[in-house]
Amino acid sequence: MIVERIGVERRVAASLEAGRIPVILGGCGTGRTSLLLRLERTPSLGVSQYLNFAAAATTPERCLSAVLNSARPPLRRDVQAVADTPRAAFEALLAWLDRPTGDDTRVTFLIDEWLDVRTFENFPGLRHVQRDLIARLSSTRTGFVLASRFTSRVHRLLRDAPARFEVVHVPPLDAAEVASVARRFDAARGAWAADAAAAVAALAGGRAACVSLMLDAIAGMGPAIDPVAALAALFAPDGRLTARCRESYELRLHRARGYGALKAILGILADDEPRNLTEIAHALGRTPGSTKDYLSWLEDVDLITAQGKKYTFDDPLIRLYVRLYGRPVPPTDDDIVREVGTYARQRLPQTPPAPRDVPKAVPVRSEAVEAVVESARGSGIIEID
């Protein structure tokens, strides 16, 4: 489900109208791609084209061919003949992005994961490809909306970029937005939306993808409204939220250096956070100097964040995932009940009111929720043994 973010869409449209290049930043599951796909259907942007560089950025020549073959009319496709070297293919791609129609037709490109152009740096003559792309985009009349899941890297890259680039962070969904999405899942039983919205927003961290998964699980639970039980079901070994967190966890680790040591640090922080450099170095069994490097690599891919010299996970759901699955054996149902219950107590300001005159929740999509249901007694918060 594509979640509407009207406020962000208006800000992006205003930025484009002012001649700027909005750069949308948001982690995995925040609705960044959905936002671009909605913008593609906005008539005020003129001819618009969504491009996913995470899929297209292979070799410069193949990227050029893939992008041109995906272009919809009236975007012209007559630049392939000059792409006989990696550098020539990249220059041809930039030339096409600069004047995609050959006339004054208004065109807006919505480029997802634009930092993946960095893969071209392995080819001759393309050592500074990211800076070359920024320089070309800053001087073109074509409209661009760029998006990335790597916040730290984008901020560092744009530090000395022209003022035309405007960073737009995707905000977390609030309770009112969650309630609006909930009614789309279950219009016939929409009264539960307002009751569950605040808890779902808190437990999902306001991330659009997690909100959608939780609401879908709750809508399938029958008359009971139990966000905590739904979250536990989604974190079962075959749960959809487990799969999403695994994807985000592995993708970011593979984009960083020091894979094994970084996993160890994430395990240390999953056991207890926040921790400072000295505490992490001691638990890791490495020097503070090398540990500092590891921490900087984790910050570079937005897996952790530092506040007041203390390090924590950037996404609390990834921490919950590591606590459950960062070990050699899968979690039991009791493990899931315990960890999700602890997470819920930390995230929710107070115990949600017990559902009135409704039976307890029924299993949702996974056998693991049966244990959750048995442990969720009246309060709406999982009881911990």
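Below is a summary of the structure that appears in this document. (Residues numbered from 1 in each chain as written. Predicted model: local features only at pLDDT ≥ 70, side-chain atom pairs only at ≥ 80, totals over all residues. Heavy atoms only, no water.)

Describing the packing of helix H8 (residues 175–185) against helix H9 (residues 192–203)
Here is step 1: Taken N-terminus to C-terminus, the directions of H8 and H9 make an angle of 130°; their axes are 8 Å apart at the nearest point. Judged by the angle between their axes, H8 and H9 are oblique. Viewed along their axes, H8 and H9 form a crossing whose handedness is right-handed. Contact residues: Ala175, Val178, Ala179, Ala182 and Arg183 in H8; Trp192, Ala193, Ala197, Ala198, Val200 and Ala201 in H9.
Here is step 2: Residues of the contact of H8 with H9, tallied by class, amount to 10 nonpolar, no polar and 1 charged. (Axes fitted to C-alpha atoms, helices over the stretch in contact; angles between N-to-C directions. Helix = DSSP H or I, 4+ residues; strand = E, 2+ residues; numbered from the N terminus. Parallel < 35°, antiparallel > 145°, perpendicular 65-115°, else oblique. Left-handed = near helix turned anticlockwise from the far one by under 90°. Contact = heavy atoms within 4.5 Å. Nonpolar A, V, L, I, M, F, W, Y, C, P; charged D, E, K, R; others polar.)

Quick word on the sheet that holds strand S6 (residues 275–276)
Here is step 1: Spatial strand order, S6-S8-S7: 3 strands in an open sheet with antiparallel pairing. Each end of this open sheet is capped by a strand with a single partner; those strands are S6 and strand S7 (304–307).
Here is step 2: Relative to strand S8 (residues 310–313), S6 runs antiparallel, the two being bridged by 2 bridges. Counted as the bridge partner of Arg275 is Tyr311 from S8.
Here is step 3: Its contacts with the sheet place helix H13 (residues 259–271) against S6, S7 and S8, and it is angled at close to 95° to S8. (Pairing = 2+ DSSP bridges.)

Thoughts on the sheet that holds strand S2 (residues 47–52)
Here is step 1: In space, the 5 strands of this open sheet follow the order S2-S3-S4-S1-S5, with parallel pairing throughout. Two strands bound the open sheet, and with one partner strand each, they are S2 and strand S5 (165–169). Within the sheet, the average angular offset between the axes of one strand and its neighbour, ignoring direction, is 20°.
Here is step 2: As judged from the 3 bridges shared by strand S1 (residues 21–25) and strand S4 (residues 143–148), these two strands associate in the parallel manner. Considered in S4, the bridge of Leu25 is made with Ser148.

Looking at the pairing of S2
Here is step 1: Most of S2 sits inside the fold, with 5 of its 6 residues counted as buried.
Here is step 2: Both S2 and strand S3 (residues 107–112) contribute to a ladder of 6 bridges, which runs parallel. Across the sheet, Val47 pairs through a bridge with Val107, a residue of S3. (Buried < 20%, exposed > 50% of the residue type's maximum accessible area, 1.4 Å probe, protein only.)

Comments concerning the pairing of S3
Here is step 1: With 6 of its 6 residues buried, S3 lies for the most part within the structure.
Here is step 2: Across the two faces of S3 the burial is the same, with Val107, Phe109 and Ile111 and Thr108, Leu110 and Asp112 all buried.
Here is step 3: Bridge count for S3 against S4 is 5 bridges, and the pairing is parallel. Bridge pairing in S4 links Ile111 to Leu146.
Here is step 4: Between the parallel pair S3 and S4, the chain is carried across by helix H6 (residues 129–138), and the sense of this crossover is right-handed. (Right-handed = clockwise from strand over helix to strand, strands pointing away.)

Looking at the pattern of salt bridges
Here is step 1: For the coordinates displayed, the defined rule picks out 28 salt bridges.
Here is step 2: Here Asp272 makes a salt bridge to Arg275, at a shortest N to O gap of 3.8 Å.
Here is step 3: The exposure class of Arg275 is buried, given its relative accessible area of 17%.
Here is step 4: A single network of salt bridges, built from pairs that share partners, joins Arg87, Glu91, Asp98, Asp132 and Arg136. (Salt bridge = Lys/Arg side-chain N within 4 Å of Asp/Glu carboxyl O.)

A closer look at the packing of aromatic side chains
Here is step 1: A complete count under the given rule lists 6 aromatic pairs for this structure.
Here is step 2: Both rings, one in Phe90 and one in Phe120, keep their centres 6.2 Å apart while their planes meet at 75°; by these two values the pair is edge-to-face. Of this pair, Phe90 sits in helix H5 (residues 86–98) while Phe120 sits in the loop between S3 and H6, and the two are 30 residues apart along the sequence.
Here is step 3: With a relative accessible area of 1%, Phe90 lands in the buried category.
Here is step 4: Looking at Phe120, the relative accessible area reads 1%, which means it is buried. (Phe/Tyr/Trp six-rings, centres within 6.5 Å; stacked < 30°, edge-to-face > 60°.)

Considerations on H9
Here is step 1: The end-to-end C-alpha distance of H9 is 17 Å, a good match for the 16 Å that 12 residues give at a rise of 1.5 Å each.
Here is step 2: Along H9, 9 of the 12 residues are buried, which leaves the element largely enclosed by surrounding structure.
Here is step 3: Taken as a whole, H9 has its buried residues at Trp192, Ala193, Ala196, Ala197, Ala199, Val200, Ala201, Ala202 and Leu203.
Here is step 4: Among the residues trailing H9, Gly205 stands out with phi positive, at a value near 65°. (Expected span 1.5 Å × (residues − 1).)

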